[in-house]
Amino acid sequence: MELSKNYNPADIENKWYAHWLQKGYFKSTPDNREPFTIVIPPPNVTGVLHMGHTLNETVQDILIRKARMSGYNACWVPGSDHASIATEAKVVGMLKEKGIDKNNLSREEFLKYAFEWKEKYGDIIYSQLKKLGCSVDWNRTTFTMDDHYYNAVIKVFVDLYKKGLVYRGARMINWDPVATTALSDEEVEYKEITGKLYYIKYFVKRETSNVKEESSSHLSPLTSGDEFIVIATQRPETIMGDTAVCANPRDKRYSNLKGKSVLVPLINKRVPIIFDEYVDKDFGTGILKITPAHDINDYNIGLKHNLAIVDTLNEDGTLSEAAQIYVGEDRFVARKKIVEELKQKGHLVKEEEYQTRLGYSQRTNSVVEPKISTQWFVKMKELASPALQAVVDGEIKIHPGEKFLATYKYWLENVKDWCISRQLWWGQQIPAWYDEEGNLFVAESKEEAGKLYYEKNGIKSPPPGVVWRGLQDQDVLDTWFSSWLWPMEVFNGISQPNNDEINYYYPTQVLVTGQDIIFFWVARMIMAGMEYKKEKPFSDVYFTGMVRDKQGRKMSKQLGNSPDLLELIDKYGADAVRFGIMISSPAGNDLLFDEASLEQGRNFNNKIWNALKLIKLWEGRTKTVTSYQLPVTGYREPATGNFALTWFENRLNEVSIEIESLYKQFRLSEALKIIYSLIWDDFCSWYLEWVKPGFEQPIEESVYYKTVYFFEQLMQLLHPFMPFITEEVYHLLREQKEDLTVKQFSKLEKPQLTKDLKDSIEVTEISKQLIQKIRDFRNKKGIKKDKTISIYSEGSLQVDELNNRIKIVNAELKKLNIHGDLPDKGKILNIELVLIGTYKFYLDLGNIEETFQNILIKRKQQELTQELARLKDFLVSVEKKLSNERFVQKAKAEVIELERKKKADAEIKIKIIEESLSTI
RNA sequence: GGGAGCAUAGCUCAGUUGGUUUAGAGCAUCUGCCUUACAAGCAGAGGGUCCGCGGUUCGAACCCGUGUGCUCCCA
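This report concerns the structure included in the present document. Residue numbering note: each chain is counted from 1, following its sequence as written. Each chain gets a letter, beginning with A, and each ligand a number, beginning with 1, in the order they are written. Selection of residues for local features in this predicted model requires a pLDDT of at least 70, selection of side-chain atom pairs for listing and counting requires 80 or more, and totals for whole chains, interfaces and linings are taken over all residues. Where side-chain values are given, they derive from all heavy atoms of the structure, hydrogens and water being excluded.

**Re the state of the cysteines**
No. 1: Any pair of cysteine sulfurs within 2.5 Å is marked as a disulfide. Applying the stated rule across the entire model yields zero disulfides.
No. 2: C134 forms no disulfide, and the closest cysteine sulfur to it belongs to C75, at a distance of 14 Å.
No. 3: In this structure C134 comes out as buried when scored by relative accessible area, which is 0%. Only protein chains enter the calculation, and the probe is 1.4 Å; a residue is then buried if its accessible area is under 20% of its type maximum, exposed if over 50%, and partly exposed in between.

Set out below in structure tokens:
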């Protein structure tokens, strides 16, 4: 069979994904194995996968594939989120392009468009997941607006309402004037900006306060002698909503104003001067305007002092009738105009810049308005405490822990009620109906609500044929009010409690998600799980960091630094993309995305491919030389390759054990690194070179099959990370009974090595180091590879054992003569002393010019003297340690033993170097 | 303003309970190689005030204190 020069992923990847699907490997149904369940963080239904998703999905796929190969019933549930605001905004935008205004549509018409949109674009993410190789159970695909899911959300809402945990009320909430909906606190992002503080004159009313309020038209023009105060504000466009001004009662500057009023500029509305400890004497002028409708602090002061609330803004952020002036103008346009007018009329004292924080809507990026509004809320305190407990007790483990535990704790301990109603159409409509008097009836259906209505009015059963005329609340629920049920309702755990599936799959094992949604989603899922299953939704949470570009900037469309996943897969292959993103992503740290790492992944594919090509070359020319089998009892040095098999088998075992432990700690990036190095360095650079027969020479059959076996093992280790190439290579190596995707890992045992095997491995390790020294020697001295070097080995090592290991087929190692003890130390000057551990070797330079020889000798003397000094210092420090009674008393036995060995080794080395110096 | 975390090679990061002689890896850099699987390759090398200062200890990259700088969360 002819294998291509380089590895070409495209066809191979598509072929295998189709094959896996056709075999149904990713399907899961409850059985008597232990389950390993992951629910995907559902991406927005109309979105595309970005690099953040790619990282998340890759991590999940690695974990689920590992579980599938380790005897678990692995179940990874895919799905998507209706993403209320985001999707509605997209649909509105799409309609606008078609020339359709949402306001001219009925709810039903709009939803029809929205569902069409969802049908059209909802599959994009799924096809991307397939391209990436995600082994999700496609039979379980769930959408947060599926019928059963919709019903579950309604059911939970009604249930929480009945428990008194959901309530309706007027509160100050965050209002998004672009999406024209309320938001939760979490949907507001604060940004530091340079704002302006305007200092505005408010004239003090001369009369005392018991005069009836006058309408502005009757006021006489202001005169220059009038007393005034100056108020600093960043929002001059809200002065029309002022209902008081306020100073600190201990502020002497304003104590004379007690009982007086001021006139609000431009509209000449009279408002009282009040006093409250809240006011900071040192901020601005020490006196504040109080605008209860447009600031949360003002609102609280307003409640305390019983002030009127004048809302001067419309829902879309334009000034309302209540503002009296600039009605219908946008708030920011109005601000400019009002500042201008204040300036003209002599009210503006000064403007100054200052740093402040402004809230922006997460979805529309518009400046959020604090607004008094009647909305639906969830009481969070009661739900929070079991959710807090589960994490504090370690029932749910967060990775990486230290970083997020504190954040999680703080949020839950200070949690505020959750505003869950949204003035949108795309989502679950709130199951509350109102009668003509505005009385509220919460039930899972209109029919049920009607019953409540009749009950309330003392009517046993409604007249036949009469349909109750209750009107349903127009709002929908926050997206997260549906996603917090995700780990339960993907198994119908809310709509059909205690069904077989939920009982089998819940709690899930790991949740893999971005740290940015710890409050939005993670904390709330735990709350919902504790409330409805009385059990945690998952055992471990793995937080991935944010994917940034290589300069550390966030990925964004504007910067154009957000690469297209499918293009990357086309260019490098899915395995390389997975490799690239995993190799540079320590858990929880931000990942600086660099295409260079994908290139590294592609090169790795190619390396594997070439190793395969090499082994395939040997396939037809195996021959039986000895009947070599592993494990051997009684180590003996065979003619070919045995030491390499022993050595590599041992490496494979060591690394497999290490990987297992890294998986347990979710240190996937480290696991991939050591597999990479095991394949590239240990397998390709050392092992294959050792067992490689000469050009067109036969290979011992047992070595060949063992090599194939090793390669299979390597492919299996790597499979969770790079599923496609590993499956392909696995099948190309030889006829296989099963696919790698479902091949089970064999149980790992720490190998019991006999002394002979241990010795063999040790000699191999020494030989590796000696080979490196020889190569270095050639490089540094510029000795061409066709020139023979003589090596003298002094001590216990067998020359023929070294010969086997060192004279491998690489050209630069062919020309070697390995001898025992150096015959005459005194006479041969052009030698290089090499110390490996306490083993001593001499590399012979051969004949060289006398002057050059002198230089070399001098340099060598210098080197050896330096090394000697270093060793002596070292010896002193070790001896000091060992002679210190407190050390000998306190330190552990192994540590002391180690120090003794260090001492002995150092003494030997000093002796060798001294000897060597004396002969030069 | 409150809280958390981080600082180790040019870059990105490992470094386990304080103890393995000279603190590791990948990438990048430099040098030499068309060696028969692989130039998407091979072989080798250089590169460190473990952020500064002080302390604890027989012993500190690691523990404690302090200063500086950066990041994130919350108000």
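Next, the rest of the story.
**A look at the packing of helix α17 (residues 574–583) against helix α20 (residues 668–691)**
No. 1: Helix axes are fitted only over the stretch in contact, all axes being lines through C-alpha atoms; the angle between N-to-C directions runs from 0 to 180 degrees. Runs of H or I in DSSP of at least four residues are treated as helices and runs of E of at least two as strands, each being numbered from the N terminus. Contact pair α17 / α20: the axes reach a minimum separation of 8 Å and the direction vectors enclose 120°. Here F579, M582 and I583 of α17 come into contact with α20, specifically with L668, S669, L672, K673 and Y676.
No. 2: Each residue is assigned to one class: nonpolar for Ala, Val, Leu, Ile, Met, Phe, Trp, Tyr, Cys and Pro, charged for Asp, Glu, Lys and Arg, and polar for all the others, Gly among them. Per-class residue counts for the contact of α17 with α20 are six nonpolar, one polar and one charged. Here a residue-residue contact requires only that any non-hydrogen atoms of the pair lie within 4.5 Å.

**Comments concerning the packing of aromatic side chains**
Any aromatic ring pair is given by two values, namely how distant the centres are and how the planes are angled relative to each other.
No. 1: In this scheme Phe, Tyr and Trp rings, the latter by its six-membered ring, pair at centre separations within 6.5 Å, and the angle between planes marks the pair as stacked below 30 degrees, edge-to-face above 60, and tilted otherwise. What the rule picks out here adds up to 47 aromatic pairs.
No. 2: Where Y149 meets W486, the ring centres are 5.9 Å apart and the plane angle is 45°; that geometry is what we call tilted. On the criterion of sequence distance, the pair formed by Y149 in helix α6 (residues 147–162) and W486 in helix α13 (residues 486–489) is long-range, its members being 337 residues apart.
No. 3: The exposure class of W486 is buried, given its relative accessible area of 0%.
No. 4: Judged by centre distance (5.1 Å) and plane angle (85°), the ring pair of W418 and W484 falls under edge-to-face. Of this pair, W418 sits in strand β16 (residues 418–419) while W484 sits in the loop between α12 (479–483) and α13, placing them 66 residues apart in sequence. Taken as a pair, W418 and W484 share a single burial class, namely buried.

**Some details on the side chain of H82**
No. 1: By secondary structure assignment, the location of H82 is in the loop between β3 (79–80) and α3 (84–97).
No. 2: A relative accessible area of 0% means that H82 is categorised as buried.
No. 3: If near-sequence neighbours (up to four positions away) are discounted, H82 is found in contact with V45, T87, F143, T144, M145, W426, G427, Q428, T479 and S482.

**What about the sheet that holds strand β20 (residues 471–472)?**
No. 1: Taken in spatial order, the three strands make up an open sheet running β19-β18-β20, and their pairing is antiparallel. The open sheet has two edge strands with one neighbour each: β19 (440–442) and β20.
No. 2: Packed on one face of the sheet, helix α11 (residues 446–456) meets β18 (432–434) and β19 and runs near 135° to β19. For two strands to be treated as a pair, DSSP must find at least two bridges joining them.

**A look at the sheet that holds strand β5 (residues 166–176)**
No. 1: The sheet built from four strands is open, its strands ordered β6-β5-β14-β16 with antiparallel pairing. Sheet topology places β6 (181–183) and β16 at the edges, where each strand pairs with a single neighbour.
No. 2: Judged from the two bridges that link them, strand β14 (residues 369–378) and β16 form a sheet pairing that is antiparallel. In the sheet register, V378 faces β16, and the bridge partner there is W418.

**Here we look at the pairing of strand β23 (residues 538–544)**
Regular strands show a simple pattern: their side chains alternate between the two faces of the sheet.
No. 1: Within β23, seven of the seven residues are buried, which leaves it mostly tucked inside the rest of the structure.
No. 2: The pairing of strand β15 (residues 397–399) with β23 spans three bridges and is parallel. Within the sheet, the bridge partner assigned to H399 lies in β23 and is Y542.
No. 3: A clockwise path from the first strand over the helix to the second, with the strands pointing away from the viewer, defines a right-handed crossover. In this fold, the crossover linking strand β22 (residues 508–514) to β23 by way of helix α15 (residues 518–532) has right-handed handedness.

**What about the nonpolar core?**
No. 1: Core analysis: the largest hydrophobic core is formed by 182 residues, its most contacted members being F481, W484, I526, F683, L688, F711 and F721.
No. 2: Among the elements that make up this core, the one with the highest residue count is α20 (14 residues).
No. 3: Contacts of F481, omitting those with residues within four sequence positions, involve V153, V156, F157, L160, V378, W418 and I420.
No. 4: Of all hydrophobic cores here, the second largest spans 28 residues; its members include Y202, V204, A247 and A323. Put simply, buried Ala, Val, Leu, Ile, Met, Phe, Trp, Tyr and Cys residues joined by side-chain atoms within 4.5 Å make one nonpolar core.

**Considerations on the protein's contact with RNA strand B**
No. 1: One heavy atom within 4 Å of a molecule or strand makes the whole residue count as near it. Surrounding RNA strand B, one finds 48 residues, the nearest of these being K607, N610, W680, F695 and R886.
No. 2: Counted by atom, the contact set of RNA strand B within 4 Å of the protein is 59% sugar and phosphate.
No. 3: In protein, a polar contact requires one atom able to donate a hydrogen and another able to accept it; more generally it is a pair of N or O atoms within 3.5 Å, and residues adjacent in sequence count only if both atoms are side-chain atoms. Measuring from a sugar or linking oxygen of RNA strand B, one finds a side-chain N or O atom of N606 at 3.0 Å.
No. 4: Within the contact set of RNA strand B, a sugar or linking oxygen lies 3.2 Å away from a side-chain nitrogen or oxygen of R775.

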